Amino acid sequence: MSVLPLVFTSGWASGINAYAVVLLLGVFGATGLTDEVPESLQRTDVLIVAGVLFLCEAVADKIPYVDSIWDSVHTVIRPVAGAVVAALLAGESGSLPELAAGAVGGSTALMSHLVKAGTRMAINTSPEPFSNIAVSTAEDLGVAGVITFAIFHPLAAAIIAAVLLALGIVTVVFLASRIRRFLRRRAQRREERRVAQSGLPRLPE
């Protein structure tokens, strides 16, 4: 079977937590659970770095506003990671051109990343931190579950990933007004900090 379903699923998961994808695929390959994972992802140094970065993301992703900053930094990292992982998977199987696989993985990762980032902006409009923790934990478990499922049932996992991506896009559309409020509040805080640092009196609203 073509590696395309695994490429799509890994791209979707990379847009949410690229480090978890690299870590899980590397472990699955190193333990012999699958032959689809290239040796470059199974290297000890790659697994260590992915594990450390995964732990960093696990903490940052659960702190209000810090998670959005983290998402902003990863706007480039996650799609690139999705493209690289997809190209490596395609190169290992030989059933899909690496360039095409990279395009699929990278574009899918970008879409799921934008969904994740947009959802977090909406959640950050709420002052309590528990929703961030709950959503972040659900994302981590979802990525782990779908990637693990994809190793044994790639086509079914790809369908699940596609459904989750579509639901995420619909959710972000409904949350667009909250996202806009979040952006306005963030811009206002930046202006307040700028005024405070300059020592100028704040203009009345």
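Trainee: It is not clear to me how the overall build of the chain should be interpreted in this structure. Could you clarify?
Mentor: A count of helices and strands for the chain gives seven helices and zero strands. Secondary structure elements of the chain occur, N-terminal to C-terminal, as α-α-α-α-α-α-α. Along the first, second and third principal axes, the C-alpha set of the chain runs to 65 × 35 × 30 Å. In the chain, which comprises 205 residues, the share counted as buried stands at 42%. Restricting to contacts in the chain with at least 6 residues of sequence separation, those with at least 24 account for 73%. Looking at the chain as shown, the accessible area adds up to about 10,500 Å², and 72% of this sits on carbon and sulfur atoms. In the chain, 16 positive and 16 negative side-chain charges are present, and the distance between their average locations comes to 15 Å.

Trainee: Would you mind showing me how to read the layout of surface pockets here?
Mentor: In this approach, a probe sized like a water molecule rolls over the atoms, and the result shows the empty space that is left. As a volume, the largest pocket reaches approximately 340 Å³. Lining of the largest pocket is provided by 17 residues; of these, Ile16, Val115, Glu139, Leu164 and Gly168 occupy positions nearest its centre. The element contributing the most residues to the lining of the largest pocket is helix H5 (residues 130–152), with six residues. In terms of residue class, the lining of the largest pocket is built from ten nonpolar, five polar and two charged.

Trainee: Explanation requested: the pattern of salt bridges in the structure shown.
Mentor: Close approach of charged atoms allows side chains of opposite charge to pair. Applying the stated criterion across every chain, the model contains nine salt bridges. Among the salt bridges present, the one from Lys62 reaches Asp140, with a minimum N-O distance of 3.1 Å. Placement of the pair is Lys62 in the loop between helix H2 (44–60) and helix H3 (66–93) and Asp140 in helix H5, with a sequence separation of 78 residues. Here Lys62 falls in the partly exposed class, since its relative accessible area comes to 21%. Here Asp140 falls in the buried class, since its relative accessible area comes to 16%. Residue Asp67 pairs with Arg120 through a salt bridge whose shortest N-O separation is 3.0 Å. Of this pair, Asp67 sits in helix H3 while Arg120 sits in helix H4 (residues 98–123), and the two are 53 residues apart along the sequence.

Trainee: How should I be thinking about the side chain of Arg120 in this particular structure?
Mentor: The buried category is assigned to Arg120, whose relative accessible area is 0%. Side-chain polar atoms of Arg120 contact the side chain of Asp67, separated by 3.0 Å. Setting aside its immediate chain neighbours within four residues, Arg120 contacts Asp61, Asp67, Ser68, Asp71, Asn132, Val135, Ser136 and Glu139.

Trainee: Teacher, can you tell me more about the packing of H4 against helix H6 (residues 154–174) here?
Mentor: In a pair of packed helices, the angle between the axes and the distance between the axes together describe the arrangement. At a minimum axis distance of 9 Å, the contact between H4 and H6 shows a crossing angle of 40°. Accordingly, the angle class assigned to the pair H4 and H6 is oblique. Regarding H4 and H6, the two cross each other, and that crossing is left-handed. Note on element contacts: H6 touches H4 through Leu165, Gly168, Ile169 and Val172, opposite Thr108, Met111, Ser112, Val115 and Thr119.

Trainee: What's the story with a positive patch on the surface in this structure? I'm lost.
Mentor: Taken together, the side chains of Arg180, Arg181, Arg184 and Arg185 present a region of like positive charge at the surface. On the secondary structure map, Arg181 appears in helix H7 (residues 176–198).

Trainee: Just to check I follow, could you spell out unusual backbone geometry for this structure?
Mentor: Note: most residues except glycine have negative phi, and most peptide bonds are trans. Even without being a glycine, Tyr65 presents a positive backbone phi close to 75°. Mapping Tyr65 onto the fold places it in the loop between H2 and H3. Since its relative accessible area comes to 29%, Tyr65 is described here as partly exposed.

Trainee: Help me understand H6, please; the structure alone is not making it clear to me.
Mentor: Since the α-helix advances by 3.6 residues per turn, residues separated by three or four positions end up pointing in the same direction. Counted at 1.5 Å a residue, the expected span for H6 with its 21 residues is 30 Å, and the 30 Å between its end C-alpha atoms agrees. Along H6, the positions that sit buried rather than exposed are Ala157, Ala158, Ala161, Leu165, Gly168 and Val172. Around the axis of H6, the buried residues are gathered within 100° of arc, so they sit on the same side. The exposed set on the far side of H6, more than 90 degrees from its buried face, consists of Leu167, Val173 and Phe174. Each element contacted by the buried residues of H6 is listed here: helix H1 (4–30), H4, H5 and H7.

Scoring rules and cut-offs
- Residues numbered from 1 in each chain as written.
- Predicted model: local features only at pLDDT ≥ 70, side-chain atom pairs only at ≥ 80, totals over all residues.
- Heavy atoms only, no water.
- Helix = DSSP H or I, 4+ residues; strand = E, 2+ residues; numbered from the N terminus.
- Buried < 20%, exposed > 50% of the residue type's maximum accessible area, 1.4 Å probe, protein only.
- Contact = heavy atoms within 4.5 Å.
- Areas by Shrake-Rupley, 256 points an atom, 1.4 Å probe, with all protein chains shown as cover.
- Lys, Arg positive; Asp, Glu negative; His and termini not counted.
- Charge placed at Lys NZ, Arg CZ, Asp CG, Glu CD.
- 1 Å grid on protein atoms, 1.4 Å probe; cavity = no way out; pocket = protein on both sides within 12 Å on 5 of 7 lines; lining within 4 Å.
- Points joined across faces, edges and corners; volume = space filled by probe spheres on them.
- Nonpolar A, V, L, I, M, F, W, Y, C, P; charged D, E, K, R; others polar.
- Salt bridge = Lys/Arg side-chain N within 4 Å of Asp/Glu carboxyl O.
- Polar contact = N/O pair within 3.5 Å; in protein donor to acceptor, adjacent residues only side chain to side chain.
- Axes fitted to C-alpha atoms, helices over the stretch in contact; angles between N-to-C directions.
- Parallel < 35°, antiparallel > 145°, perpendicular 65-115°, else oblique.
- Left-handed = near helix turned anticlockwise from the far one by under 90°.
- Patch = residues over 30% accessible without salt bridge, like charges linked within 9 Å, V, L, I, M, F, W, Y side chains within 5 Å.
- Expected span 1.5 Å × (residues − 1).
- Arc of directions from axis to C-beta.

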